[in-house]
Amino acid sequence: MAGPLTGAVAELRRWAASEAMALTGRVQGPPSAAPGRPASTVADALRRIGAVHPTVPLPGVRLLGKRAAAADLRRDAPRSCGGAFRVLRTRDGHLGLSPPP
């Protein structure tokens, strides 16, 4: 059975393989790991959709990076690569907002 470190390494590899890792981190810095399990979550959702609709071809987790590349998005932490998301400091932590265009 995989331990926590092994699971974290596997998730980091999935995130990097999704090609979306290139979008996480600061402009002048290296790509960084995203919090949570974004690549595994997308892979799980695609598997569930595929189970319900087995004849529909579905993309893999590389969909995350491909969509961003098609839109010519770049990393720009702490803002989102599209520019709308902002992290605001609050009295007791932080709040993330993604206002409509």
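Preceding this paragraph is the structure being described.
Every value quoted in this text rests on a predicted model; they were computed, and no experiment measured them.

Caption draft 1: Structural context of unusual backbone geometry. At Glu19, a position not held by glycine, the phi torsion is positive, near 70 degrees. Inspection of the secondary structure assignment puts Glu19 in the loop between helix H1 (4-17) and helix H2 (38-52). Look at Glu19 and you get partly exposed, because its relative accessible area is 34%. The backbone phi angle of Asp72 is positive, close to 60 degrees, even though this residue is not glycine. As for its position among the elements, Asp72 is in the loop between helix H3 (63-70) and strand E1 (86-90).

Caption draft 2: Fine view of the environment of Leu97. One can find Leu97 in strand E2 (residues 93-97). Once the C-alpha coordinates of Leu97 and Arg79 are considered, the two residues, 18 residues apart in sequence, prove to be 9.9 Å apart. Excluding residues within four positions of it along the chain, Leu97 makes contact with Ala84, Phe85, Arg86 and Leu88.

Caption draft 3: How the structure looks around the layout of surface pockets. Considering only enclosed or pocket space, the largest pocket measures out at about 260 Å³ in volume. Put simply, the parts of the chain that give the lining of the largest pocket at least two residues each are H2 and H3. Tallying contributions element by element places H3 first for the lining of the largest pocket, with four residues. Its residues placed into classes, the lining of the largest pocket shows ten nonpolar, one polar and one charged.

Caption draft 4: Here's a closer look at the pattern of salt bridges. Evaluated as defined, the whole model comprises five salt bridges. Arg62 serves as the salt-bridge partner of Glu19, at 3.2 Å between the closest nitrogen and oxygen. Note that Glu19 is positioned in the loop between H1 and H2 and Arg62 in the loop between H2 and H3, a separation of 43 residues in sequence. A relative accessible area of 47% places Arg62 in the partly exposed class. The salt bridge partner of Asp44 is Arg47, with a shortest N-O separation of 2.4 Å. Residue Asp44 and its partner Arg47 are both found in helix H2; the two are separated by three residues, about one turn of the helix. When salt bridges with common partners are traced through the structure, they connect Glu19, Arg62 and Lys66 into a single cluster.

Caption draft 5: Highlighting the pairing of E1. In terms of strand pairing, E1 meets E2 through five bridges, oriented antiparallel. Note that in E2 the partner of Arg89 across the bridge is His94. Here E1 folds back onto E2, and the loop between the two strands holds two residues.

Caption draft 6: Structural context of H2. With 15 residues, H2 extends 22 Å between its outermost C-alpha atoms, agreeing within 8% with the 21 Å of an ideal straight helix rising 1.5 Å per residue. Buried residues of H2: Ala39, Ser40, Ala43 and Leu46, and no others. All buried residues of H2 lie within an arc of 125 degrees about the axis, which places them on one face of the element. Of the exposed residues in H2, those oriented more than 90 degrees away from the buried face are Arg48 and Val52.

Quick notes on the rules
- Residues numbered from 1 in each chain as written.
- Predicted model: local features only at pLDDT ≥ 70, side-chain atom pairs only at ≥ 80, totals over all residues.
- Heavy atoms only, no water.
- Helix = DSSP H or I, 4+ residues; strand = E, 2+ residues; numbered from the N terminus.
- Buried < 20%, exposed > 50% of the residue type's maximum accessible area, 1.4 Å probe, protein only.
- Contact = heavy atoms within 4.5 Å.
- 1 Å grid on protein atoms, 1.4 Å probe; cavity = no way out; pocket = protein on both sides within 12 Å on 5 of 7 lines; lining within 4 Å.
- Points joined across faces, edges and corners; volume = space filled by probe spheres on them.
- Nonpolar A, V, L, I, M, F, W, Y, C, P; charged D, E, K, R; others polar.
- Salt bridge = Lys/Arg side-chain N within 4 Å of Asp/Glu carboxyl O.
- Pairing = 2+ DSSP bridges.
- Expected span 1.5 Å × (residues − 1).
- Arc of directions from axis to C-beta.

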